[in-house]
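Coordinate inspection notes
For reference, the chains in residue letters:
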Amino acid sequence: MKQVHVAVGVIVKGKQVFLTRRHSSAHQGGKWEFPGGKVESDETVAQALARELKEEVSIDILACTPFMEISHDYGDKQVKLDIFVVDQFIGEPNSLEGNEQQWFAISAINDLDFPAANLAIVEKLQVEFS
Ligand SMILES: Nc1nc2c([nH]c(=O)n2[C@H]2C[C@H](O)[C@@H](COP(=O)(O)OP(=O)(O)OP(=O)(O)O)O2)c(=O)[nH]1
Ligand SMILES: [Mg+2]
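Residues numbered from 1 in each chain as written. Chains lettered and ligands numbered in written order. Predicted model: local features only at pLDDT ≥ 70, side-chain atom pairs only at ≥ 80, totals over all residues.

Named according to an unreviewed UniProt entry, the chain is 8-oxo-dGTP diphosphatase originating from Thalassotalea algicola. UniProt, in the comment section headed Sequence similarities (unreviewed entry), describes the chain in these words: "Belongs to the Nudix hydrolase family." Entered under Cofactor (unreviewed entry) in the UniProt record, the comment concerning the chain runs "Mg(2+)". (UniProt positions renumbered as here; feature names shortened; annotations may be inferred.)

Residue placement: Glu56 occurs in helix H1 (residues 45-57). Given 21 C-beta atoms within a 10 Å radius, Glu56 is considered buried. Spatially, the C-alpha atom of Glu56 lies 12 Å from that of His23, the residues being 33 residues apart in sequence. (Helix = DSSP H or I, 4+ residues; strand = E, 2+ residues; numbered from the N terminus. Buried ≥ 20, exposed ≤ 12 C-beta atoms within 10 Å, placed from the backbone.)

We now examine the UniProt feature "binding site: Mg(2+)" (unreviewed entry) in the chain. Per the UniProt record, "binding site: Mg(2+)" (unreviewed entry) is found at Gly36 and Glu56. Spatially, the listed residues are clustered: although they cover 21 residues, their C-alpha atoms lie within 7.5 Å of one another. With respect to the helices and strands, the residue Gly36 is situated in strand S4 (residues 36-38). For Gly36, a count of 24 C-beta atoms within 10 Å puts it in the buried group. Once you skip the residues sitting within four places of it in the chain, Gly36 turns out to touch Val6, Ala7, Val8, Gly9, Leu49 and Glu52. Each residue touching Glu56, except ones within four places of it in the same chain, is listed here: Pro35, Gly37, Ser95, Leu96 and Glu97. (Contact = placed C-beta atoms within 7 Å.)

All right, on to the environment of Glu100 then. Relative to the helices and strands, Glu100 is located in the loop between strand S6 (78-90) and strand S7 (101-105). Residue classification places Glu100 among the exposed residues on the basis of 12 C-beta atoms within 10 Å. Along the chain, Glu100 and Arg22 lie 78 residues apart, while their C-alpha atoms are 8.0 Å from each other. Setting aside residues up to four positions removed in sequence, Glu100 forms contacts with Thr20 and Arg21.

This is the structure we're talking about:
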């Protein structure tokens, strides 16, 4: 099965993180996610991240730091998540696609419903940001 390469942005402000909820009709629908999306064939991961965060939540990235990479097989889809912490940006994140969205205390996101691949991200975030 082909692996989908995804650029993922962990948008943080102090000890808070910005999450959006995936549309119910999407793959892994209804679950909370870090904004992001597929890397197109003509772009770098950094370009994809900048484009997706602009398209999905309307911010311009000023600085981002590589955080981790996760490969996960959902059975119906194989993904490689290239995850960055985005802690400097212009604008206030706001979902342009009408998704549910919220700033959460990083210490309080344990019980949210995330795609399985995200559990390792949550764990590492809590170690580094609390
Ligand atoms: N954006 C994002 N995707 C995630 C996360 N965790 C996770 O398993 N994924 C998976 C779900 C999807 O299969 C894939 C991302 O695809 P996507 O649907 O967001 O891609 P996209 O924004 O380019 O959307 P589209 O063009 O297909 O509508 O990665 C996450 O935290 N954020
Ligand atoms: Mg997306």
